[in-house]
Amino acid sequence: MPRALVTGANRGIGLEMTRQLVAAGWEVIAACRTRSIDLDALEVRVEELDVADDESVRRLGERLQGVHLDLLINNAGILDRDGLEPLDLASIRRQFEVNALGPLKVTAALLGNLGEGSRIVLVTSRMGSIADNTSGGYYGYRMSKAALNAAGVSLARDLEAKGIAVLLVHPGFVKTEMTGGRGTVEPGDAARGILTRIGELDPKESGSFRHADGSTLPW
Ligand code: NDP
(Lines give C-alpha, C1' and ligand atoms only; values in the text may rest on other atoms or scores of the structure.)
Protein backbone atom coordinates (compact mmCIF):
# COMPACT_ATOMS: atom_id res chain seq x y z
CA MET A 1 0.00 0.00 0.00
CA PRO A 2 1.56 3.36 -1.00
CA ARG A 3 1.97 5.84 1.85
CA ALA A 4 1.46 9.63 1.82
CA LEU A 5 1.87 12.39 4.37
CA VAL A 6 -0.38 15.45 4.02
CA THR A 7 0.12 18.64 6.04
CA GLY A 8 -2.87 20.76 7.01
CA ALA A 9 -4.99 17.63 6.74
CA ASN A 10 -7.65 18.59 9.27
CA ARG A 11 -9.74 20.81 6.98
CA GLY A 12 -10.05 22.40 3.56
CA ILE A 13 -8.16 21.04 0.58
CA GLY A 14 -5.82 18.97 2.78
CA LEU A 15 -8.75 17.11 4.33
CA GLU A 16 -10.22 16.42 0.88
CA MET A 17 -6.90 15.13 -0.48
CA THR A 18 -6.61 12.87 2.57
CA ARG A 19 -10.16 11.57 2.01
CA GLN A 20 -9.53 10.85 -1.67
CA LEU A 21 -6.14 9.23 -1.11
CA VAL A 22 -7.69 6.90 1.48
CA ALA A 23 -10.51 6.04 -0.94
CA ALA A 24 -7.88 5.28 -3.60
CA GLY A 25 -6.14 2.79 -1.30
CA TRP A 26 -3.36 4.92 0.13
CA GLU A 27 -2.17 4.82 3.71
CA VAL A 28 -2.21 8.47 4.79
CA ILE A 29 -0.41 10.13 7.66
CA ALA A 30 -2.41 13.26 8.41
CA ALA A 31 -0.24 15.99 9.91
CA CYS A 32 -1.99 18.92 11.55
CA ARG A 33 -2.01 21.28 14.51
CA THR A 34 -5.43 20.17 15.74
CA ARG A 35 -7.42 17.14 14.68
CA SER A 36 -11.01 17.57 13.48
CA ILE A 37 -14.15 15.44 13.58
CA ASP A 38 -14.02 15.09 9.79
CA LEU A 39 -10.42 13.91 9.92
CA ASP A 40 -11.08 11.49 12.79
CA ALA A 41 -13.88 9.96 10.71
CA LEU A 42 -11.28 8.88 8.13
CA GLU A 43 -9.50 6.75 10.77
CA VAL A 44 -6.00 7.59 9.55
CA ARG A 45 -2.82 8.02 11.55
CA VAL A 46 -2.74 11.61 12.79
CA GLU A 47 0.53 13.33 13.68
CA GLU A 48 0.77 16.69 15.42
CA LEU A 49 2.59 19.29 13.34
CA ASP A 50 2.88 23.06 13.45
CA VAL A 51 4.94 23.91 10.38
CA ALA A 52 5.89 27.30 11.87
CA ASP A 53 7.47 25.65 14.91
CA ASP A 54 10.99 24.28 14.25
CA GLU A 55 10.78 21.90 17.23
CA SER A 56 7.43 20.52 16.08
CA VAL A 57 8.88 19.79 12.63
CA ARG A 58 11.99 18.19 14.16
CA ARG A 59 9.87 15.98 16.43
CA LEU A 60 7.76 14.83 13.49
CA GLY A 61 10.94 13.80 11.68
CA GLU A 62 12.01 11.83 14.74
CA ARG A 63 8.67 10.06 15.14
CA LEU A 64 8.63 9.07 11.48
CA GLN A 65 12.15 7.66 11.36
CA GLY A 66 12.18 4.57 9.14
CA VAL A 67 8.70 5.23 7.72
CA HIS A 68 8.91 5.30 3.93
CA LEU A 69 6.83 7.96 2.15
CA ASP A 70 5.86 7.64 -1.51
CA LEU A 71 4.25 11.06 -1.43
CA LEU A 72 4.71 14.19 0.68
CA ILE A 73 2.06 16.88 0.20
CA ASN A 74 2.97 20.22 1.76
CA ASN A 75 -0.47 21.78 1.85
CA ALA A 76 -0.65 23.81 5.09
CA GLY A 77 -0.81 27.54 4.47
CA ILE A 78 -2.23 30.84 5.66
CA LEU A 79 -3.51 33.95 3.94
CA ASP A 80 -3.53 37.37 5.58
CA ARG A 81 -4.89 40.35 3.69
CA ASP A 82 -2.00 42.69 4.49
CA GLY A 83 -1.45 45.84 2.46
CA LEU A 84 1.04 48.68 2.04
CA GLU A 85 -0.40 51.42 4.24
CA PRO A 86 0.39 50.47 6.87
CA LEU A 87 2.86 47.71 6.13
CA ASP A 88 2.17 44.84 8.52
CA LEU A 89 5.59 43.25 8.98
CA ALA A 90 4.42 40.82 11.64
CA SER A 91 1.82 39.47 9.23
CA ILE A 92 4.32 39.22 6.38
CA ARG A 93 6.81 37.38 8.62
CA ARG A 94 4.09 34.99 9.83
CA GLN A 95 3.13 34.11 6.26
CA PHE A 96 6.79 33.52 5.38
CA GLU A 97 7.17 31.18 8.34
CA VAL A 98 4.14 29.10 7.40
CA ASN A 99 3.98 29.29 3.60
CA ALA A 100 7.65 29.42 2.57
CA LEU A 101 9.83 28.11 5.41
CA GLY A 102 7.24 25.58 6.65
CA PRO A 103 7.16 23.35 3.56
CA LEU A 104 10.95 23.60 3.13
CA LYS A 105 11.57 22.60 6.76
CA VAL A 106 9.09 19.71 6.60
CA THR A 107 10.62 18.47 3.35
CA ALA A 108 14.15 18.68 4.77
CA ALA A 109 13.10 16.89 7.98
CA LEU A 110 11.49 14.06 5.98
CA LEU A 111 14.08 13.69 3.22
CA GLY A 112 15.29 10.42 4.74
CA ASN A 113 11.74 9.06 4.41
CA LEU A 114 11.68 9.66 0.66
CA GLY A 115 13.42 7.60 -1.99
CA GLU A 116 13.61 6.78 -5.68
CA GLY A 117 10.13 7.35 -7.17
CA SER A 118 8.82 9.39 -4.23
CA ARG A 119 7.10 12.67 -5.04
CA ILE A 120 7.00 15.99 -3.21
CA VAL A 121 4.09 18.34 -3.76
CA LEU A 122 4.06 21.99 -2.75
CA VAL A 123 0.58 23.49 -2.70
CA THR A 124 1.39 27.00 -3.81
CA SER A 125 -0.71 29.75 -5.37
CA ARG A 126 -0.84 31.64 -8.62
CA MET A 127 -0.70 34.67 -6.31
CA GLY A 128 2.96 33.74 -5.96
CA SER A 129 3.41 34.23 -9.69
CA ILE A 130 5.22 37.50 -10.46
CA ALA A 131 4.16 37.40 -14.12
CA ASP A 132 0.50 36.91 -13.14
CA ASN A 133 0.38 39.75 -10.58
CA THR A 134 -1.94 42.32 -12.14
CA SER A 135 -3.68 43.53 -8.99
CA GLY A 136 -0.92 44.08 -6.39
CA GLY A 137 -1.36 43.92 -2.62
CA TYR A 138 -1.18 40.78 -0.45
CA TYR A 139 2.52 41.33 0.23
CA GLY A 140 2.97 38.51 2.71
CA TYR A 141 1.01 35.94 0.75
CA ARG A 142 2.43 36.78 -2.66
CA MET A 143 6.03 37.04 -1.41
CA SER A 144 5.84 33.86 0.66
CA LYS A 145 4.34 31.81 -2.18
CA ALA A 146 6.92 33.22 -4.65
CA ALA A 147 9.62 32.15 -2.18
CA LEU A 148 8.00 28.72 -1.95
CA ASN A 149 8.08 28.48 -5.75
CA ALA A 150 11.81 29.28 -5.72
CA ALA A 151 12.38 26.59 -3.08
CA GLY A 152 10.38 24.10 -5.15
CA VAL A 153 12.60 24.56 -8.20
CA SER A 154 15.75 24.18 -6.08
CA LEU A 155 14.30 21.02 -4.51
CA ALA A 156 13.57 19.65 -7.99
CA ARG A 157 17.17 20.26 -9.07
CA ASP A 158 18.73 18.96 -5.85
CA LEU A 159 16.63 15.79 -5.66
CA GLU A 160 16.76 14.81 -9.34
CA ALA A 161 19.73 12.51 -8.75
CA LYS A 162 17.76 10.69 -6.03
CA GLY A 163 14.84 10.11 -8.42
CA ILE A 164 12.48 12.31 -6.37
CA ALA A 165 10.14 14.54 -8.42
CA VAL A 166 8.65 17.82 -7.24
CA LEU A 167 5.38 19.46 -8.27
CA LEU A 168 4.25 23.01 -7.54
CA VAL A 169 0.49 23.17 -7.82
CA HIS A 170 -2.14 25.92 -7.55
CA PRO A 171 -5.49 24.48 -6.47
CA GLY A 172 -7.72 27.11 -8.10
CA PHE A 173 -9.95 29.61 -6.27
CA VAL A 174 -11.39 27.18 -3.75
CA LYS A 175 -14.31 27.50 -1.31
CA THR A 176 -12.53 26.98 2.01
CA GLU A 177 -12.09 28.87 5.26
CA MET A 178 -9.12 30.63 3.67
CA THR A 179 -11.37 32.33 1.12
CA GLY A 180 -14.26 32.78 3.54
CA GLY A 181 -16.21 30.22 1.52
CA ARG A 182 -15.90 32.26 -1.68
CA GLY A 183 -14.39 30.72 -4.78
CA THR A 184 -15.25 28.94 -7.99
CA VAL A 185 -14.10 25.42 -7.09
CA GLU A 186 -15.32 22.96 -4.46
CA PRO A 187 -12.56 21.58 -2.19
CA GLY A 188 -13.25 18.05 -3.43
CA ASP A 189 -12.77 19.09 -7.07
CA ALA A 190 -9.56 20.97 -6.23
CA ALA A 191 -8.24 17.90 -4.40
CA ARG A 192 -9.17 15.67 -7.35
CA GLY A 193 -7.34 17.99 -9.74
CA ILE A 194 -4.21 18.07 -7.59
CA LEU A 195 -4.16 14.27 -7.23
CA THR A 196 -4.60 13.88 -10.99
CA ARG A 197 -1.63 16.20 -11.58
CA ILE A 198 0.44 14.19 -9.09
CA GLY A 199 -0.48 10.96 -10.84
CA GLU A 200 0.66 12.23 -14.22
CA LEU A 201 3.84 13.97 -12.97
CA ASP A 202 6.66 13.13 -15.33
CA PRO A 203 10.04 13.23 -13.52
CA LYS A 204 11.39 15.08 -16.56
CA GLU A 205 8.98 17.90 -15.64
CA SER A 206 9.99 18.02 -11.98
CA GLY A 207 9.84 21.59 -10.70
CA SER A 208 6.98 22.67 -12.95
CA PHE A 209 4.24 25.06 -11.79
CA ARG A 210 0.80 23.74 -12.60
CA HIS A 211 -2.80 24.72 -12.06
CA ALA A 212 -4.92 21.86 -10.68
CA ASP A 213 -6.79 22.02 -14.02
CA GLY A 214 -3.61 20.86 -15.76
CA SER A 215 -2.49 24.13 -17.35
CA THR A 216 1.04 25.43 -16.81
CA LEU A 217 1.34 28.70 -14.89
CA PRO A 218 3.88 31.45 -15.55
CA TRP A 219 6.49 32.24 -12.90
P1 NDP B 1 -7.78 26.39 4.84
O2 NDP B 1 -7.66 27.70 5.54
O3 NDP B 1 -9.10 25.73 4.74
O4 NDP B 1 -6.77 25.33 5.45
C5 NDP B 1 -5.46 25.70 5.78
C6 NDP B 1 -4.79 24.50 6.41
O7 NDP B 1 -3.45 24.87 6.75
C8 NDP B 1 -5.49 24.08 7.71
O9 NDP B 1 -5.43 22.68 7.82
C10 NDP B 1 -4.62 24.75 8.77
O11 NDP B 1 -4.64 24.12 10.02
C12 NDP B 1 -3.26 24.55 8.12
N13 NDP B 1 -2.24 25.38 8.77
C14 NDP B 1 -2.20 26.73 8.85
N15 NDP B 1 -1.13 27.11 9.56
C16 NDP B 1 -0.49 25.97 9.97
C17 NDP B 1 0.65 25.70 10.73
N18 NDP B 1 1.39 26.67 11.26
N19 NDP B 1 1.00 24.40 10.93
C20 NDP B 1 0.27 23.41 10.41
N21 NDP B 1 -0.85 23.59 9.69
C22 NDP B 1 -1.21 24.86 9.46
O23 NDP B 1 -7.17 26.68 3.41
P24 NDP B 1 -7.13 25.83 2.05
O25 NDP B 1 -7.50 24.43 2.27
O26 NDP B 1 -7.84 26.64 1.04
O27 NDP B 1 -5.55 25.95 1.72
C28 NDP B 1 -4.70 24.85 1.49
C29 NDP B 1 -3.53 25.32 0.66
O30 NDP B 1 -3.99 25.79 -0.61
C31 NDP B 1 -2.76 26.50 1.28
O32 NDP B 1 -1.38 26.31 1.12
C33 NDP B 1 -3.23 27.69 0.45
O34 NDP B 1 -2.28 28.73 0.44
C35 NDP B 1 -3.43 27.05 -0.89
N36 NDP B 1 -4.30 27.78 -1.80
C37 NDP B 1 -5.64 27.91 -1.53
C38 NDP B 1 -6.44 28.63 -2.40
C39 NDP B 1 -7.91 28.78 -2.18
O40 NDP B 1 -8.57 29.44 -3.02
N41 NDP B 1 -8.50 28.23 -1.13
C42 NDP B 1 -5.89 29.28 -3.60
C43 NDP B 1 -4.46 29.08 -3.76
C44 NDP B 1 -3.73 28.35 -2.89
P45 NDP B 1 -5.37 24.78 11.33
O46 NDP B 1 -6.78 24.25 11.31
O47 NDP B 1 -4.55 24.28 12.46
O48 NDP B 1 -5.31 26.27 11.16
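Owing to the predicted nature of the structure, the values given are computational and were not obtained by experimental measurement.

1. Structural notes on the site of the ligand
Inference 1: Neighbouring residues of the ligand: 29 residues in total, closest Asn 10, Arg 11, Arg 33, Tyr 141 and Thr 176.
Inference 2: At 3.3 Å from an oxygen atom of the ligand is found a main-chain nitrogen or oxygen belonging to Gly 172.
Inference 3: The side chain of Thr 176 places a nitrogen or oxygen atom 2.6 Å from an oxygen atom of the ligand.
Inference 4: Bound to the protein, the ligand loses 94% of the 890 Å² it would expose on its own.
Inference 5: For the shell around the ligand, the secondary-structure elements that each account for two or more residues are helix H1 (12-23) and helix H5 (139-159).
Inference 6: Counted by class, the shell around the ligand contains 13 nonpolar, 11 polar and 5 charged residues.

2. A word on the pairing of strand E6 (residues 165-170)
Inference 1: Taken across its 6 residues, E6 has 6 buried, putting it largely inside the fold.
Inference 2: Neither face of E6 is exposed, since Ala 165, Leu 167 and Val 169 on one face and Val 166, Leu 168 and His 170 on the opposite face are all buried.
Inference 3: Two elements, strand E5 (residues 119-123) and E6, share 5 bridges in a ladder whose sense is parallel. Its bridge partner being in E6, Leu 122 is matched across the sheet by Leu 168.
Inference 4: For the handedness criterion, the β-α-β arrangement of E5, H5 and E6 is classed as right-handed.
Inference 5: The pairing of E6 with strand E7 (residues 208-211) spans 4 bridges and is classified as parallel. Within E7, the residue paired with His 170 across the bridge is His 211.

Scoring rules and cut-offs
- Residues numbered from 1 in each chain as written.
- Predicted model: local features only at pLDDT ≥ 70, side-chain atom pairs only at ≥ 80, totals over all residues.
- Heavy atoms only, no water.
- Near = heavy atom within 4 Å.
- Polar contact = N/O pair within 3.5 Å; in protein donor to acceptor, adjacent residues only side chain to side chain.
- Areas by Shrake-Rupley, 256 points an atom, 1.4 Å probe, with all protein chains shown as cover.
- Helix = DSSP H or I, 4+ residues; strand = E, 2+ residues; numbered from the N terminus.
- Nonpolar A, V, L, I, M, F, W, Y, C, P; charged D, E, K, R; others polar.
- Buried < 20%, exposed > 50% of the residue type's maximum accessible area, 1.4 Å probe, protein only.
- Pairing = 2+ DSSP bridges.
- Right-handed = clockwise from strand over helix to strand, strands pointing away.

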